[in-house]
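So the chains spell out like this:
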Amino acid sequence: MTSTVEATKDTMSEITPEIVAEHGLTEDEYALIVKRLNREPNLTELGIFSVMWSEHCSYKSSRFWLAKLPTKGPQVIQGPGENAGVVDLGDGDAAVFKMESHNHPSFIEPYQGAATGVGGIMRDVFTMGARPVANMNALRFGAPEHAKTRHLVAGVVSGIGGYGNCMGVPTIGGETNFDPRYNGNILVNAMTVGLARTDKIFYSAAKGVGNPVVYVGSKTGRDGIHGATMASAEFDDDSDEKRPTVQVGDPFTEKLLLEACLELMNEDAIIAIQDMGAAGLTSSSVEMADKGGVGIKLDLDQVPQREESMTAYEMMLSESQERMLMVLQPGREDVARKIFEKWGLDFAIIGITTDTGHLTLSHGGEIVCDIPIAPLADDAPKYERPWVASKQQDVIEASEVKAPETLSSALECLMGTPDLCSRRWIWEQYDYTVMADTMQIPGGDAGVVRVHGTQKGLAVTTDVTPRYCEADPREGGMQAVAETWRNLTATGAKPLAITDCLNFGNPERPEIMGQFVGCIEGMAEACKALDYPVVSGNVSLYNETNGQGILPTPAIGGIGLIEDVSRMATLAFKDEGDVILLLGKTIGHLGQSLYQRHIDGDVKGAPPPVNLDKERKIGDFVRTLITNGTATAVHDVSDGGIAVAIAEMAMASGLGAKLATPSEVEAPHGFWFGEDQARYIVTVKCDDAHKVITHILEAGIKVNRLGLVGGNSLDIEGDAPISVEKLKATHEAWLPAYMSTN
Amino acid sequence: MKSAVIVFPGSNCDRDAAVALERITGNAPHMVWHKDTDLPEVDLVVLPGGFSFGDYLRSGAMSASSPIMAAVKAHADAGRYLVGICNGFQVLTEAHLLPGALMRNAGLNFVCRTVPLIVANDETAFTRGYKKDSIIKVPVAHHDGNYFADDATLEMLEGEGRVVFRYGENPNGSLHDIAGIINKRGNVLGLMPHPERVVDPMLGGEDGVPFFSSVMEAV
């Protein structure tokens, strides 16, 4: 190694404390690098350490807590730690899925930020041998009246559509919220679900020595250098200057890359494969070598380059999109080359696996980096940051919250708010029917795609209620998991597993770390109680601007299996005369409700408590009503309570309902707008109603007969009726009007 | 009926078209790579939807010069059936097999929506299974579906009954609400909506079935 050290000395620039700070490393972290190397790093090596040890790549603040999440179950084929999680769908089918954030870049350049977020998550999924079949997203924007919001919504939505539509993968749902707490940090969380065969799943461990390391896809340019470091820092007023760190997407190339990779995966040629996402060539090569327990030697002169005179530093840190790194079986290079040439993509053998345990880079005939891989990956700093628990809030009684003039006027108001209005303006920009397997389009409880060529369906949803998470992180974490479980159940699916995107503020502040800890604990408890493990995910911290953090937002993406899509439920009312039942207990919890926010004007108090035993019991019962064909329509009750759930069922069908408030209810507004958990609206045929109610009661589940489907208005006894058409007009009006204002 | 689907790089409705053709005709179509120069002997060629070549120049412009297009033109010249769906329609206009052009949607955004379509001519080989003026529901999913042609061309198309489908609710600003047109000979048709996505009652209806079964009967 003597020659290496000397070579290193030749290329070494003086590493000053300023340079260390610019790389987002602390003094202690730099000291640790020197200790591990037994010498000072050169600039290239420092750059490599800085991205591998960034929060984004190393999870240094979160790893300790993430270990508390349950990740195992009979359905789990691959849990966290790979490009994506894998679950078993039976009959040799597997679902491969993950959700990932692209928050910082989307705020700086919304179209490209969101587009490359979608591109990155799709690559994670097809890297594992799966064809992406559904995209979802979870978006959070600032207050509608904030100067940047409209521009950000337009750019993000069009970027998500621009990438997903070109790839020909349907975007089948998602969620969008507006809140002033996201004014300086929007959240763009993208999720992809793919289908693979259980015996054809590809992993990233580079096993074996002397195997060729191959680069495929787009050429490397100077874009996105230090993207991972940017995503690990707070914003300030000059953040717009970080635009050059945002990557530019090319969905056409990614479509070619998808088809070429899947074609090559049919040959017996790939030992390991990894997409080049955050920290590009650095992270892909280090992770593959680390997992395979080998070293890796790369000749950077062989890297396909888009720009001239790129340095080793730039090549290793570039986040140019649509690139993959593979380790091939020796002798299979030509088979692979032919396929990539057919699709018009670059193919270059850039290195070899070694037995040194080192990442060795040569450039221009010189060794420019030679560092042991273990400290880069496993040995990255791990912090148990100090935290304080959030303050408990008082439970607010419905009687303490002012009643509306009429229930129907409150309902009409709510349906037209930014929180509850139709998202049609958004999802009509996404191709949700391409691939011709979409069974439930956006706007329902979950998106559903058929497993191609079978009778099975895959239900997918994303959810979290950040205002609950802030009021009580533990309950909020539980609620987010439970709500996705409920959304899937409402279609008739058996929930299988989740992916998560944990978006929080600066973890170096104890109160933010407290939110993180609370949410994780709540999530873990819910995942355990519902047999609904976490199989993949991502953490996005430092979502702060000038010291103001976002609402704690642990977005959950859940998937479930429908055994027979002919027995799937949708939320639209079906027939006049169907009986409307409410399953689950209603206390009338208005604390942290949308009623409080929009009608009362002040959001406060504890969020609705989650009872996981009840969630499971009621959900399992509702699923039986769907699979045995008894339920004619099903919708879970969430934001806005029963009234909003029923309004959504009415609008989806054009049919109204005659309803009555149960006689024992003291505060009708609490009953109709309370956000108590573990509840579903289920409709059944009139002839079945008596028998079904008996069964529900026998199961020990609370049930209310709310009324009958019929007419063309929602008519609560003793209140002013409101026509479904009027509700629909209000519901559809806000977003298009907002987006067309200058 | 024998059929073929042309696969351009960036086609993404090629599989959907193949599934629909197999379901309706009973025969799986040949999938033909754009760099091939020979077309198998078939009754119907489909140019599928997607973003061939990324639509980075104009939608369909690059594909119109693909090696396979000479054979596709010869196929049409021989009077055999050719249909372009969505991006395929854009390719047909770029290849001058159909008149006019498909511009960016008037609303500037991509639009995915199931729209009512009026069958304006039920005497073509593609529409004999429909009734004139009947309204069918078919999804559109495009960014560039805004049909444009000069007045003389529009007058000719209308006068010769060559506007085959018209939007009941125009999603993109197309002149004369044009959703699909046919050539003078009646064997080459282009349309923006996706009939191949509505051939299964579980997926939002079967209004696309007569489109393919009509051709099968015409052969």
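1. Comments concerning the overall build of chain B
Piece 1. Within chain B, the regular secondary structure consists of 5 helices and 11 strands.
Piece 2. For 219 residues, the compact-globule estimate of 2.2 N^0.38 gives 17 Å, and chain B sits close to it at 15 Å.
Piece 3. Along the longest, intermediate and shortest principal axes, the C-alpha atoms of chain B span 40 × 35 × 35 Å.
Piece 4. When burial is assessed residue by residue, chain B has 60% of its 219 residues classed as buried.
Piece 5. Here the contacts in chain B between residues at least 6 apart in sequence split such that 73% fall between residues at least 24 apart.
Piece 6. Accessible area of chain B: about 8,300 Å², with a carbon and sulfur share of 51%.
Piece 7. Taken as two groups, the 18 positive and 26 negative side-chain charges of chain B have centres that lie 1 Å from each other.

2. Topic: the overall build of chain A
Piece 1. Along its length, chain A carries 26 helices and 28 strands.
Piece 2. Since a compact globule built from 742 residues should have a radius of gyration of about 27 Å, the 26 Å found for chain A is in line with a globular shape.
Piece 3. In terms of principal-axis extent, the alpha carbons of chain A reach across some 90 × 50 × 45 Å.
Piece 4. Of all 742 residues assigned to chain A, the portion counted as buried reaches 65%.
Piece 5. As presented, chain A carries roughly 24,900 Å² of accessible surface, and 49% of it is formed by carbon and sulfur atoms.
Piece 6. In chain A, 62 side chains carry a positive charge and 102 a negative one; their mean positions are 4 Å apart.

3. Concerning the state of the cysteines
All names here are of chain B.
Piece 1. Taken as a whole and judged by the stated rule, the model has 0 disulfides over all chains.
Piece 2. Between Cys13, a cysteine without a disulfide, and Cys86, which holds the nearest cysteine sulfur, the sulfur-to-sulfur distance is 6.4 Å.
Piece 3. Judged by its relative accessible area of 1%, Cys13 is buried.

4. Observations concerning the pairing of strand β6 (residues 187–197) of chain A
Residues and elements named next belong to chain A.
Piece 1. Of all 11 residues in β6, 10 are buried; the element is thus mostly enclosed.
Piece 2. Bridge analysis of strand β3 (residues 93–101) against β6 gives 9 bridges, and the strand direction is antiparallel. Counterpart to Lys98 in the pairing with β6 is Thr192.
Piece 3. In this structure, strand β4 (residues 131–141) lies alongside β6, joined through 9 bridges in antiparallel fashion. Residue pairing for β6: Arg140 is matched across the bridge by Leu187.

5. Digging into the confidence of the model for chain A
Any region with low pLDDT has predicted coordinates that should not be read closely.
Piece 1. Summary statistics for chain A give a mean pLDDT of 94 and a share of 96% for residues scoring 70 or more.
Piece 2. Note that residues 1–12 of chain A has pLDDT below 50 and, in this model, 12 contacts with residues that lie over four places away or in other chains.

6. Regarding unusual backbone geometry
All names here are of chain A.
Piece 1. In this structure, Asp531 is a non-glycine residue whose phi angle is positive, near 50°.
Piece 2. Residue placement: Asp531 occurs in the loop between α20 (510–529) and β18 (534–540).
Piece 3. According to the relative accessible area criterion, Asp531 is partly exposed, its value standing at 47%.
Piece 4. Phi at Gln592 is positive, roughly 65°, even though this residue is not glycine.
Piece 5. Counting through the fold element by element, Gln592 comes out in the loop between β22 (579–583) and α21 (594–600).

7. Details of the interface of chain B and chain A
Piece 1. On the chain A side, the residues contacting the 27 residues of chain B number 29 residues.
Piece 2. In total, chain B and chain A occlude about 2,300 Å² of area from one another, counting both sides; carbon and sulfur atoms represent 58% of this.
Piece 3. The largest contributions to the chain B side of the interface with chain A come from Arg15(B), Cys112(B) and Met202(B), which together make up 25% of the buried area.
Piece 4. Linking chain B to chain A there are 4 salt bridges.
Piece 5. Arg197(B) is the partner of Asp431(A) in a salt bridge, and the nearest nitrogen-oxygen pair spans 2.8 Å.
Piece 6. Across the chain B-chain A interface, the total number found is 13 residue pairs in polar contact (both at pLDDT 80 or more).

8. Notes on the nonpolar core
Residue and element names in this part refer to chain A.
Piece 1. In this structure, Ile559 and Leu583 are the most contacted members of the largest nonpolar core, which totals 89 residues.
Piece 2. Here this core gets 10 residues from one element, more than from any other, and that element is α20.
Piece 3. By size, the runner-up hydrophobic cluster in this structure holds 65 residues, among which are Met122, Val214, Leu256 and Tyr432.

9. Things to note about the sheet that holds strand β1 (residues 3–7) of chain B
Residues and elements named next belong to chain B.
Piece 1. Pairing within the open sheet is mixed, and its 9 strands lie in the order β2-β1-β3-β4-β11-β10-β9-β6-β7. Edge positions in the sheet fall to β2 (30–33) and β7 (135–142), since each of these pairs with one other strand and no more. Strand-to-strand twist across the sheet, computed as the mean angle between neighbouring axes with direction ignored, equals 25°.

10. Here's the deal with helix α22 (residues 612–627) of chain A
Piece 1. Given a rise of 1.5 Å per residue, 16 residues ought to cover 22 Å, and the 22 Å separating the end C-alpha atoms of α22(A) matches this to within 8%.
Piece 2. A distance of 3.1 Å separates the backbone nitrogen of Asp613(A) from a side-chain oxygen at the start of α22(A), and that oxygen is part of Asn611(A).

11. Observations concerning the packing of aromatic side chains
Piece 1. A complete count under the given rule lists 21 aromatic pairs over all chains for this structure.
Piece 2. Ring centres 4.8 Å apart and planes at 10° place the aromatic pair Trp734(A) and Tyr738(A) in the stacked group. Taken together, the positions of Trp734(A) and Tyr738(A), both in helix α26 (residues 724–739) and 4 residues apart, correspond to about one turn of that helix.
Piece 3. Look at Tyr738(A) and you get buried, because its relative accessible area is 8%.
Piece 4. Consider the rings of Phe211(B) and Phe212(B), whose centres lie 5.3 Å apart with planes at 80°: the pair is edge-to-face.
Piece 5. Residue classification places Phe211(B) among the buried residues on the basis of a relative accessible area of 1%.
Piece 6. Taking relative accessible area as the criterion, Phe212(B) reaches 2% and is therefore assigned buried.
Piece 7. Lying over the aromatic face of Tyr738(A), Arg150(A) brings its terminal NZ or CZ to 4.3 Å of the ring centre.

Quick notes on the rules
Residues numbered from 1 in each chain as written. Chains lettered and ligands numbered in written order. Predicted model: local features only at pLDDT ≥ 70, side-chain atom pairs only at ≥ 80, totals over all residues. Heavy atoms only, no water. Helix = DSSP H or I, 4+ residues; strand = E, 2+ residues; numbered from the N terminus. Rg over C-alpha atoms; globule rule 2.2 N^0.38 Å. Buried < 20%, exposed > 50% of the residue type's maximum accessible area, 1.4 Å probe, protein only. Contact = heavy atoms within 4.5 Å. Areas by Shrake-Rupley, 256 points an atom, 1.4 Å probe, with all protein chains shown as cover. Lys, Arg positive; Asp, Glu negative; His and termini not counted. Charge placed at Lys NZ, Arg CZ, Asp CG, Glu CD. Disulfide = S-S within 2.5 Å. Pairing = 2+ DSSP bridges. pLDDT = per-residue confidence, 0-100. Buried area = accessible area lost by both parts, 1.4 Å probe. Salt bridge = Lys/Arg side-chain N within 4 Å of Asp/Glu carboxyl O. Polar contact = N/O pair within 3.5 Å; in protein donor to acceptor, adjacent residues only side chain to side chain. Core = buried A, V, L, I, M, F, W, Y, C linked by side-chain atoms within 4.5 Å. Axes fitted to C-alpha atoms, helices over the stretch in contact; angles between N-to-C directions. Expected span 1.5 Å × (residues − 1). Phe/Tyr/Trp six-rings, centres within 6.5 Å; stacked < 30°, edge-to-face > 60°. Lys NZ or Arg CZ within 6 Å of the ring centre and 35° of its normal.

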